[in-house]
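# Remarks on the overall topology
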Amino acid sequence: MATKTYISRNTIPHFSVGDRRVAFHPSSMGNSFFTTDDPVLQRRMEAHPWYKKKFMLHSEEEDDKSNKPNGADGTNKPDKPNKELKEMHFDTLADAKNYLATEFGAVRSNIRTTENAINIGKANGVKVVFDK
């Protein structure tokens, strides 16, 4: 199963595809993105009249993990995360917002709580720690 990311430049389209609502998420660089791993939704989006006019395919990642055995005995074992998070310490939420916005293009208005900052940091490979 592939995970596809769609991009829309300078617009933030919201529309329905069948019974699903598609809402692109804006970034601070003027682009907006929508990511899905649902093959039915992907086919329907690529058949939509706005495809290649208001939005297009940005990237596609193949998930081959489910088809290949991980262990020597042929069983599928969950992979251990081999990527450690880089730890960053902040005094205030505003400091964390500034860092996440400048380094990763996170939208400042979407970071309203410390939990939001921690989750956005995790998604970008950073462990956000607030010193008190």
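Residues numbered from 1 in each chain as written. Predicted model: local features only at pLDDT ≥ 70, side-chain atom pairs only at ≥ 80, totals over all residues. Heavy atoms only, no water.

## Side note on the overall build of the protein chain
Broken down by element type, the protein chain carries 3 helices and 8 strands. The helix and strand sequence of the protein chain, counted from the amino end, reads β-β-β-β-β-α-β-β-α-α-β. Across the 132 residues that make up the protein chain, the buried fraction comes to 29%. Of the contacts made within the protein chain by residues no fewer than 6 positions apart, 55% connect residues no fewer than 24 positions apart. Looking at the protein chain as shown, the accessible area adds up to about 9300 Å², and 49% of this sits on carbon and sulfur atoms. (Helix = DSSP H or I, 4+ residues; strand = E, 2+ residues; numbered from the N terminus. Buried < 20%, exposed > 50% of the residue type's maximum accessible area, 1.4 Å probe, protein only. Contact = heavy atoms within 4.5 Å. Areas by Shrake-Rupley, 256 points an atom, 1.4 Å probe, with all protein chains shown as cover.)

## Re the confidence of the model for the protein chain
Averaged over all residues, the pLDDT of the protein chain is 83; the fraction at 70 or higher stands at 85%. When pLDDT is averaged over each element of the protein chain, strand 8 (residues 126-130) comes out on top at 92 and strand 2 (residues 14-17) at the bottom at 87. (pLDDT = per-residue confidence, 0-100.)

## Focus: the side chain of Thr 5
Its place among the elements puts Thr 5 in strand 1 (residues 2-9). Ignoring sequence-local partners within four residues, the contact set of Thr 5 consists of Phe 33, Phe 34, Thr 35, Met 56, Leu 57, His 58 and Ser 59.

## A few points about the sheet that holds strand 1
Two orientations exist for strands paired in a sheet by backbone hydrogen bonds: parallel and antiparallel. What the 4 strands build is an open sheet, ordered 4-5-1-6; its pairing is antiparallel. Edge positions in the sheet fall to strand 4 (25-26) and strand 6 (56-62), since each of these pairs with one other strand and no more. Two elements, strand 1 and strand 5 (residues 31-36), share 6 bridges in a ladder whose sense is antiparallel. Its bridge partner lying in strand 5, Thr 5 is registered against Thr 35. (Pairing = 2+ DSSP bridges.)

## Brief notes about the pairing of strand 3 (residues 20-23)
Sheet analysis places strand 2 next to strand 3, joined by 4 bridges and oriented antiparallel. Its bridge partner being in strand 3, Ser 16 is matched across the sheet by Arg 21. Here strand 2 folds back onto strand 3 in antiparallel fashion, the turn holding 2 residues, of which Gly 18 has a positive phi close to 65°.

## Considering the environment of Pro 39
Position of Pro 39 relative to the elements: it lies in helix 1 (residues 39-46). A sequence separation of 38 residues divides Pro 39 from Met 1, and the C-alpha atoms of the two residues are 7.4 Å apart.

## Examining the packing of aromatic side chains
Considering all chains together, one arrives at 10 aromatic pairs under this definition. Pairing Tyr 6 with Tyr 51 gives two aromatic rings, centres 6.4 Å apart and planes at 80°, and the pair type is edge-to-face. Taken as a pair, Tyr 6 in strand 1 and Tyr 51 in the loop between helix 1 and strand 6 lie far apart in primary sequence, 45 residues in all. In this structure, Tyr 6 and Tyr 51 share a single accessibility class: buried. With 5.9 Å between their ring centres and 40° between their planes, Phe 24 and Phe 34 make a pair best called tilted. Of the two residues, Phe 24 sits in the loop between strand 3 and strand 4 while Phe 34 sits in strand 5, which places them 10 residues apart along the sequence. One aromatic cluster is present, built from ring pairs that chain together Tyr 6, Phe 15, Phe 24, Phe 34, Trp 50, Tyr 51 and Phe 55. Directly above the aromatic system of Trp 50 lies the positively charged group of Lys 54, at a separation of 4.0 Å from the ring centroid. (Phe/Tyr/Trp six-rings, centres within 6.5 Å; stacked < 30°, edge-to-face > 60°. Lys NZ or Arg CZ within 6 Å of the ring centre and 35° of its normal.)

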